[in-house]
Amino acid sequence: MTPVATFFRNLEAKCCAACGQAMTEQAESYMTECFDCQEKASKDAYLYYYSKR
Ligand SMILES: [Zn+2]
């Protein structure tokens, strides 16, 4: 494996799974979505949860 391939592999792993936006280095490695999408998703889940009651 070449260093270039490793670079792009890492770059791809740091893109948001929801919007495809490149994630910052501060993002935790286990996160697959950027902060905006996570916040949006958690808000949607919150609204969905309370709309069910
Ligand atoms: Zn995103």
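Read on for an overview of the structure. This structure is a prediction, so every number in the text was calculated from the model and none was measured.

### Digging into the overall build of the chain
Per the secondary structure count, the chain includes two helices and zero strands. Evaluated residue by residue, the chain yields a buried proportion of 4% over its 53 residues.

### Side note on helix α2 (residues 35–51)
The end-to-end C-alpha separation of α2 is 24 Å, in line with the 24 Å expected for 17 residues at 1.5 Å each. Within α2, only zero of the 17 residues are buried, leaving the element largely exposed.

### What to know about the environment of Cys 15
The residue Cys 15 is located in the loop between α1 (3–13) and α2 in this model. Taking the C-beta count within 10 Å as the criterion, Cys 15 has 15 such neighbours and is therefore assigned partly exposed. Non-local contacts of Cys 15, meaning those with residues more than four positions away in its chain, are made with Gly 20, Gln 21, Ala 22 and Met 23.

### A short note on the environment of Ala 22
Along the chain, the position of Ala 22 falls in the loop between α1 and α2. Taking the C-beta count within 10 Å as the criterion, Ala 22 has 11 such neighbours and is therefore assigned exposed. Apart from residues lying up to four places away in sequence, Ala 22 is in contact with Lys 14 and Cys 15.

The rules we used
- Note that residues are indexed from 1 along each chain, following the sequence as it is written.
- This being a predicted model, a pLDDT of at least 70 is required before a residue's local features are given, and a value of 80 or more before pairs of side-chain atoms are given or counted; all residues contribute to the totals for chains, interfaces and linings.
- Here a strand is any run of E in DSSP of at least two residues, a helix any run of H or I of at least four, and the numbering for each starts at the N terminus.
- Three exposure classes are used, based on other C-beta atoms lying within 10 Å of a residue's own C-beta, which is placed from the backbone: buried for 20 or more, exposed for 12 or fewer, and partly exposed in between.
- Helix span, expected: 1.5 Å multiplied by one less than the number of residues in the helix.
- Distance between backbone-placed C-beta atoms decides contact: two residues are in contact if it is within 7 Å.

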